[in-house]
Structures are given as C-alpha cells and as structure tokens.
Amino acid sequence: LGAKASRRLANTAIYIVLILITVIWLFPFFGILMESFKVNTKMMDGELFPKKFGFDNYIRLFNETDFLKWFGNTAIMGIATAVFQTAFVLMMSYTLSRLRFKGRKSLMNLMLILGMFPGFLTMILIYKVFVDLGLTMEMAPVGLVIVYCASSGMSYYISKGFFDTIPRALDEAATIDGATKNQIFWKIILPMSKPIVVYTVLTAFIGPWTD
C-alpha cells in the first residue's frame, strides 16, 4: 500500500509539472489568438484580452489577400514533401543498415560532412537552375518540393540507428523463405518501425510548413 501511494503521489507530481509546462508553452499562442480578435486597436498594446472583440482581421485576411491559396500551396508542399522525403530517408537508412557494399562507410561519412554545411550556401545556384527549368513563380511549389526532397537521404542517421536495433535474424529467416530485399523492407522492417516512420513523416512535414 505504501509503494502504491508513493507511486501515485509521484505520478501526480509529474502530471502537475507537465500541465504547468504545457500552460507556459501554450500561453504565447493564446496571446497571439487574442491579438487577432482585437478591433481598431494597436497590436501588442499590453492588454491580453481585447477591449472590443471582433472578426475584422479575419474578414480582411480572407477578402483582401490570397490566404487560402497560400495555405493550400503550403499544405500541398508539406504533404508531398512528407511522402517523398519519408520514402527516401527510410530506403536510404535501410540500405545503409542492412546492406554491405564497397564504399559504404565512405559514403556515410561524406553525407555526414556535407550535412554540416548550411543549405543556403547553394541558394543562388539552385535558384538559377530552377529559373532555367521554369520552376519559379507559378511552378515554385514544385521546385520547393524538389529542394526539400533532393538531399533528404543524407538525414539517414536517426532512422538507420532504429533499423540497427531490429534483429538481422528476421532478415535471414525471410531470405531463407525466399523473400527479396524489397519484400523484407516493405513487409517486415517497416511494419516493425512505426515509431520511426511517424517521426520521419512529422519532421518532413514540419520543415516546409514552418518555412
């Protein structure tokens, strides 16, 4: 009884701390939401709750701008990037985790070194290439998806570390039963890797969404 009571007390304390952290984390978002409902007042006037409540800002947003188009483009880019980038990252991670080939370690080290350089170093060159290919202006969403996905395979290390924890005996048993590498990846490894799949999808979507 004493152990149960102490465990319950510890869990209660943990939940209280987590709730407090959540409130602190959500408070700025709540403040921004309240700002959006202010009518005929200056932004950030020191008042948390609006003195005059209204939807004027939202009406102007939808009537005077192409917000829905911007939102749609961002959603499409985020979803497309999440799909393609997840596929590239997981396939690259599986290859480096399970297959052994000449130059494997050198390739892994090279990708890690290249990943240390910020992406904006190639911004001018990429923009020039996309201008020549017509992937700017109206076709910019397509170009941005290509930018987000082109080198995504270099972010293999987290997924590879997860795949390394899955016993290779499963691969060997499936191979004995006649399964190919492709079948092992899609039918055995991926169903056992739902946490890393969800993580990869979320991180791939958040990138273009926040940009």
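See the structure printed just above.
What you see is a predicted model; the values in this text were computed from it and never measured.

Undergrad: Hey, could you go over the environment of Thr203 for me, with residue numbers and the actual values?
TA: The residue Thr203 is located in helix 10 (residues 194-210) in this model. The exposure class of Thr203 is partly exposed, given its relative accessible area of 37%. For the pair Thr203 and Gln85, spaced 118 residues apart in the sequence, the C-alpha separation amounts to 9.6 Å. Only 3.0 Å separates the side chain of Thr203 from the backbone oxygen of Thr200, close enough to count as a polar contact.

Undergrad: Break down the pattern of salt bridges for me, citing the residues and quoting the values.
TA: Applying the stated criterion across every chain yields a total of four salt bridges. One salt bridge in this structure joins Lys128 and Asp132, with 3.0 Å as the shortest N-O distance. Of this pair, Lys128 and Asp132 are both found in helix 5 (residues 123-133), four residues apart, which corresponds to roughly one turn of the helix. The class for Lys128 is partly exposed, based on a relative accessible area of 47%. Given the relative accessible area of 54%, Asp132 is considered exposed. Among the ionic pairs, Lys160 bridges to Asp164, the shortest N-O distance being 2.8 Å. Separated by four residues within a single helix, Lys160 and Asp164 lie in helix 7 (residues 157-164), roughly one turn from each other.

Undergrad: Describe the environment of Ala204, listing the residues and the values that go with them.
TA: Positionally, Ala204 belongs in helix 10. With 52 residues separating them in the primary sequence, Ala204 and Ser152 have C-alpha atoms 8.9 Å apart.

Undergrad: Describe the packing of aromatic side chains, and please don't skip the residues or the numbers.
TA: With the rule as written, the count across this model stands at 14 aromatic pairs. Their ring planes at 50° and their centres at 5.2 Å tell us that Trp25 and Phe29 sit as a pair that is tilted. Of this pair, Trp25 and Phe29 both sit in helix 1 (residues 2-36), four residues apart, roughly one helical turn. Aromatic pair Phe30 and Phe49: ring centres 5.8 Å apart, planes at 75°, arrangement edge-to-face. Here Phe30, found in helix 1, pairs with Phe49, found in the loop between helix 1 and helix 2 (56-64); they are 19 residues apart in sequence, far enough to count as distant. Judged by relative accessible area, which is 33%, Phe30 ranks as partly exposed.

Undergrad: Outline the nonpolar core, listing residues and values.
TA: With 10 residues, the main nonpolar core is built from Leu90, Tyr94, Phe163, Ile166, Ala174, Ile184, Phe185, Ile189, Leu190 and Ile196. Of all the elements in the fold, those that place two or more residues in this core are helix 3 (67-98) and helix 9 (181-189). For this core, the element with the most residues is helix 9, which contributes three residues. Every residue in contact with Ile196, bar those within four places of it in the chain, is listed here: Leu90, Ile158, Ser159, Phe162 and Phe163.

Undergrad: Tell me about the packing of helix 8 (residues 168-176) against helix 9, and please be specific about residues and values.
TA: Packing of helix 8 against helix 9 leaves a shortest axis separation of 10 Å and a crossing angle of 120°. By the angle between their axes, helix 8 is oblique relative to helix 9. When the axes of helix 8 and helix 9 are compared, the crossing they make is right-handed. Touching Leu170, Asp171, Ala174 and Thr175 of helix 8 are Ile184, Ile188 and Ile189, all from helix 9. A per-class count over the contact of helix 8 with helix 9 returns five nonpolar, one polar and one charged.

Undergrad: Pulling in residues and values, what's your account of the packing of helix 3 against helix 10?
TA: It is at 8 Å that the axes of helix 3 and helix 10 come closest, and there the two elements cross at 140°. Comparing the axis directions of helix 3 and helix 10 gives the class oblique. As helix 3 runs across helix 10, the sense of the crossing is right-handed. Of the residues in helix 10, those touching helix 3 at Phe71, Thr74, Ala75, Met77, Gly78, Ile79, Thr81, Ala82, Gln85, Thr86, Val89 and Leu90 are Ile196, Val197, Thr200, Val201, Ala204, Phe205, Pro208 and Trp209. Considered class by class, the residues forming the contact of helix 3 with helix 10 number 14 nonpolar, six polar and no charged.

Undergrad: Explain unusual backbone geometry residue by residue, including any values.
TA: One non-glycine residue with positive phi stands out, namely Met137, at about 55°. With respect to the secondary-structure elements, Met137 resides in the loop between helix 5 and helix 6 (140-150).

The rules we used
Residues numbered from 1 in each chain as written. Predicted model: local features only at pLDDT ≥ 70, side-chain atom pairs only at ≥ 80, totals over all residues. Heavy atoms only, no water. Helix = DSSP H or I, 4+ residues; strand = E, 2+ residues; numbered from the N terminus. Buried < 20%, exposed > 50% of the residue type's maximum accessible area, 1.4 Å probe, protein only. Polar contact = N/O pair within 3.5 Å; in protein donor to acceptor, adjacent residues only side chain to side chain. Salt bridge = Lys/Arg side-chain N within 4 Å of Asp/Glu carboxyl O. Phe/Tyr/Trp six-rings, centres within 6.5 Å; stacked < 30°, edge-to-face > 60°. Core = buried A, V, L, I, M, F, W, Y, C linked by side-chain atoms within 4.5 Å. Contact = heavy atoms within 4.5 Å. Axes fitted to C-alpha atoms, helices over the stretch in contact; angles between N-to-C directions. Parallel < 35°, antiparallel > 145°, perpendicular 65-115°, else oblique. Left-handed = near helix turned anticlockwise from the far one by under 90°. Nonpolar A, V, L, I, M, F, W, Y, C, P; charged D, E, K, R; others polar.

Just distances and angles here, no functional claims.
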